[in-house]
Amino acid sequence: MNLFEQGCGGRGTRTPTGGSPAVFKTAAIPLCDSSDIALDRLLRKAKLGHFSHFCNTYLPHFSDSIMLLRSLCIFMLVFLIGTNCVLAQKKQSSKVPKAIFVLSFDQMRGDFTERFSHNWGSKGFNRIMKEGSSSPLCYFNHISNMTCPGHAIILTGSYPSLNGIVSNDFFDTKLWCTCYCTEDKKHPVNGNSNIGRSPDLLKQSTLGDLLQKQQPKSKGLSFAIKDRAAILMAGKSKANAVLWFDWKSRVFTTSSYYTQPTWIDDVNKSVPYSAYAGKKWNAILADSETAVDSMDVEGNFPGGDFMFPHDLGFPGQEQYTEALMTSPYSISYLFDAVKFAINRESIGKDEFPDIISIGISTTDLAGHLFGPDSREIQELYAHADSILGTFIDHLDAKIGRNNYVMVITSDHGVAPIPEYITKFGKLPVDAGRIQEKTLMETLEKELGKRCGQKENMTWIKYIEPPSIFLNDTTVLSSGFEMSMIADTLCAVLSTIDGIAQAAPTAIIQQGRILPGWSKELLEMYRNDIHPDRTGEVMFMVKPYWLIGSKPASHGTGYDYDTHVPLMFLGGGIPAGQIQGKTDPADIMPTLASILNIKVQHRHGKRLELIKAPLKNKKK
Ligand SMILES: [Zn+2]
């Protein structure tokens, strides 16, 4: 009889979390792989490329070549960290650009560049793909593909195990709080001590931090609709101008952590929130080139309409702010503010390189609502492409293409709406969603049955996928070992429809390949473990399963969540395609190399964007 059949019996017979692996071998406790087909085999079976036979939906795949490349990446990671190697010290080019622009289109999945290319003109994304250097195989190498971790990875070059940003919200066992990733009550926003923001929870320096340490006259600008995108790409330097849209005051704002830009009032006057009053978001693409408008599985536009044109309403009306931020007008709003700041800060005008990061959050807000297969997303990216084209023209004229480097990427991808692929897919797919409240109640009930239930005590303290924190007070008072409760929790998770696998964090940390797991999957989990911020159990849903009620979402290790664009333009970088698999964590060491900045202890590697001249071989 195994533990699951006997409940929490065998009190005191198990080793604590982190104990000997041998105990787990003899205890006949499966490591919680709930799938009949092991995940790795399941993913290998799904070698259908980027698109399935139905609905343009994205299927996860790990091709053999990608598996090989992942192995190479792991080798590189070990090499980089183990030897404190500083590959990034090598110069990519003798000429240091005057400005670096890093643009993150929130929730822009890697296949969108190919899928929507025919809707775009020649001046935006297509120009970068033609005139710049791009990687069609850029994948995050972790499970927690959410906005906070994604933006922290892009410019620290590290995963949550090093940079500490394990999710959007997380429990910190040292601070003993449930923290939003940029929360900091010590640094109020607009004098409101209830809302504070800073990069205090970020545990690594960003590229901008290192640059300003080396070149104090270099400037840092970071703009986004979401505070988390602006703050986590900027980093810890207080000299940065870091602005985001504040939904309460309805202006671009900052917190007391940062130096207040002298032009902050001017930018809000120059680019007023009310400028879009009464505007409509009209469809601009031909019906024949787009997805069908208004599928019933999609959400409604703020204000309630569900077909083009979408009405923004007026300031003062309840839906106006959300409607503006979900429409392409907010991309214009953001870029107009960025251009204003570039001008006022004289970006790219002296020999000290500046770093500008831009978080285009609109694509995520609309993406959650309408899903990646919607007409709205296709239309939104057509607008984004046009605005990007104008921005490139602006930089070419003001700074000069060879004097700046632009990077385009994203913080994560997105899964198709589960109901969309089950309803409209040509092939049957196991897809669904798990509600957070139901999950919590089920886990409590089942743990209560197996391990006992006390009034006013819960077994689970906190769930933030991929991590679950157990309530140590309850565990302590129960007399059971923490490892036993973690095992039991894994067993309970394995019985829930839609859960692919779960395992005790301590076992994952030991680096053991668990039954049914690939070493690539193990590596992804390990990249998300931070000792202060990861619970006792980690888990992931099955492919095409979501947790929560947003129509579309992200937050798994499947390709539709990990695959993002990666493009470089300008700075003398030659046109071409980057060979092999890349990682958004590579952006930071690559840019550091271009800026001649020494980098240590990062997961990312320097990408070869500029080929060195061939040397004569010695005979
Ligand atoms: Zn995001």
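A few points about the overall build of the chain
Moving on, step 1. On a plain count of helices and strands, the chain comes out with 23 helices and 21 strands.
Moving on, step 2. Taken over 619 residues, the chain has a buried fraction of 53%.
Moving on, step 3. Intrachain contacts of the chain at a sequence separation of at least 6 include 74% that bridge at least 24 residues.

Overview of the environment of alanine 275
Moving on, step 1. Considering the arrangement of structural elements, one finds alanine 275 in the loop between α11 (264-270) and β10 (280-281).
Moving on, step 2. C-alpha separation for the pair alanine 275 and phenylalanine 314, spaced 39 residues apart in sequence, amounts to 9.7 Å.

Overview of the sheet that holds strand β7 (residues 220-224)
Moving on, step 1. Ordered in space as β9-β8-β7-β12-β1-β13-β20-β2-β21, the nine strands form an open sheet in which the pairing is mixed. Strands at the two margins of the open sheet, each flanked by one partner only, are β9 (251-253) and β21 (576-577).
Moving on, step 2. The sheet contact formed by strand β1 (residues 99-105) and strand β13 (residues 404-409) spans six bridges and is parallel. Counterpart to leucine 103 in the pairing with β13 is isoleucine 408.

What to know about the packing of helix α7 (residues 147-156) against helix α10 (residues 227-234)
Moving on, step 1. Here α7 crosses α10 at 25 degrees, and the two axes come no closer than 8 Å. Taken as axis vectors, α7 and α10 run roughly parallel relative to one another. Of the two possible hands of crossing, α7 and α10 adopt the one that is right-handed. Only Arg228, Ala229, Leu232 and Met233 of α10 make contact with α7, whose side of the interface consists of Thr147, Cys148, His151, Ala152, Ile154 and Leu155.

A look at the sheet that holds strand β18 (residues 537-541)
Moving on, step 1. One open sheet accounts for four strands, arranged β15-β16-β18-β17; its pairing is antiparallel. Strand pairing shows two members of the sheet lacking a second neighbour, β15 (460-464) and β17 (499-504), which therefore form its edges. If you compare each strand with its neighbour and ignore which way they point, the axes differ by 20 degrees on average.
Moving on, step 2. Judged from the five bridges that link them, β17 and β18 form a sheet pairing that is antiparallel.

Focus: helix α17 (residues 436-451)
The periodicity of an α-helix, 3.6 residues per turn, causes residues three or four places apart in sequence to face the same way.
Moving on, step 1. Here α17 is 16 residues long and its end C-alpha atoms lie 22 Å apart, about the 22 Å a rise of 1.5 Å per residue gives.
Moving on, step 2. All of the buried residues in α17 are Leu439, Leu443, Leu447, Arg450 and Cys451. Axial view of α17: buried residues confined to an arc of 75 degrees, hence all on one face. Those residues of α17 that are exposed and aimed more than 90 degrees away from the buried face are Lys437, Thr438, Glu441 and Lys449.
Moving on, step 3. In this fold, the buried residues of α17 make contact with β14 (432-434), β15, α18 (472-478), α19 (482-493) and β19 (545-547).
Moving on, step 4. Looking at the residues trailing α17, positive phi occurs at glycine 452, about 100 degrees.

Observations concerning unusual backbone geometry
Glycine aside, the phi torsion of most residues is negative, and most peptide linkages are trans.
Moving on, step 1. For the bond running from phenylalanine 308 to proline 309, omega is 0 degrees, close enough to zero to count as cis.
Moving on, step 2. The omega angle of the peptide bond from proline 465 to proline 466 is 10 degrees, so this bond is cis rather than trans.
Moving on, step 3. Note that proline 466 resides in the loop between β15 and β16 (467-470).
Moving on, step 4. Unusually for a residue other than glycine, asparagine 190 sits at a positive phi of about 55 degrees.
Moving on, step 5. As for its position among the elements, asparagine 190 is in the loop between β5 (183-189) and β6 (192-197).

As for the nonpolar core
Moving on, step 1. Counting 162 residues, the largest nonpolar core has Phe223, Ala230 and Leu489 as the members making the most contacts within it.
Moving on, step 2. Residue contributions to this core peak at nine residues, all from helix α15 (residues 375-398).
Moving on, step 3. Counting residues domain by domain, this core receives three or more from each of domain 1 (3-41 + 436-497 + 499-541) and domain 2 (68-420 + 562-594).
Moving on, step 4. Leaving out residues up to four positions away in the same chain, alanine 230 has contacts with Ser222, Phe223, Ala224, Val242, Leu243, Trp244 and Gly359.

Things to note about the packing of helix α13 (residues 329-344) against α15
Moving on, step 1. Two elements in contact, α13 and α15, have axes separated by 10 Å at closest approach and are oriented at 10 degrees. One way to sum up the angle between α13 and α15 is to call them roughly parallel. The handedness of the crossing between α13 and α15 is right-handed. Only His383, Ala384, Ile387, Phe391 and His394 of α15 make contact with α13, whose side of the interface consists of Ile331, Ser332, Phe335 and Lys339.
Moving on, step 2. Grouping the constituent residues of the contact of α13 with α15 by class yields five nonpolar, three polar and one charged.

Focus: the environment of valine 338
Moving on, step 1. Looking at the secondary structure, you find valine 338 in helix α13.
Moving on, step 2. Residue valine 338 is classed as buried on the basis of its 26 C-beta neighbours within 10 Å.
Moving on, step 3. Residues valine 338 and serine 357, spaced 19 residues apart in sequence, show a C-alpha to C-alpha distance of 9.5 Å.
Moving on, step 4. In contact with valine 338, other than residues within four places in its own chain, are Phe223 and Ile358.

Notes on the pairing of strand β20 (residues 563-570)
Moving on, step 1. In terms of burial, β20 is a largely internal element, eight of the eight residues being buried.
Moving on, step 2. Bridge count between strand β2 (residues 133-139) and β20: five bridges; the pairing is antiparallel. Paired with serine 135 across the two strands is leucine 566, which belongs to β20.
Moving on, step 3. Bridging between β13 and β20 involves four bridges; their strand directions are antiparallel. Within β20, the position partnered with valine 407 by the bridge is phenylalanine 568.

Quick look at the confidence of the model for the chain
Moving on, step 1. Averaged over every residue, the pLDDT of the chain is 86; the share at 70 or more is 83%.
Moving on, step 2. The model gives residues 59-93 a pLDDT under 50, and that stretch makes 62 contacts with residues more than four places away or in other chains.
Moving on, step 3. Within the model, the stretch residues 612-619 combines pLDDT values under 50 with zero contacts to residues more than four positions away or in other chains.

Examining the environment of phenylalanine 539
Moving on, step 1. Structurally, the position occupied by phenylalanine 539 is in strand β18.
Moving on, step 2. Under the C-beta neighbour-count criterion, phenylalanine 539 is labelled buried, with 26 such atoms within 10 Å.
Moving on, step 3. Between the alpha carbons of phenylalanine 539 and serine 467 there is a distance of 6.5 Å; along the sequence they are 72 residues apart.

Cut-offs applied
Residues numbered from 1 in each chain as written. Predicted model: local features only at pLDDT ≥ 70, side-chain atom pairs only at ≥ 80, totals over all residues. Helix = DSSP H or I, 4+ residues; strand = E, 2+ residues; numbered from the N terminus. Buried ≥ 20, exposed ≤ 12 C-beta atoms within 10 Å, placed from the backbone. Contact = placed C-beta atoms within 7 Å. Pairing = 2+ DSSP bridges. Axes fitted to C-alpha atoms, helices over the stretch in contact; angles between N-to-C directions. Parallel < 35°, antiparallel > 145°, perpendicular 65-115°, else oblique. Left-handed = near helix turned anticlockwise from the far one by under 90°. Expected span 1.5 Å × (residues − 1). Arc of directions from axis to C-beta. Core = buried A, V, L, I, M, F, W, Y, C linked by C-beta atoms within 7 Å. Domains from an automatic or database assignment. Nonpolar A, V, L, I, M, F, W, Y, C, P; charged D, E, K, R; others polar. pLDDT = per-residue confidence, 0-100.

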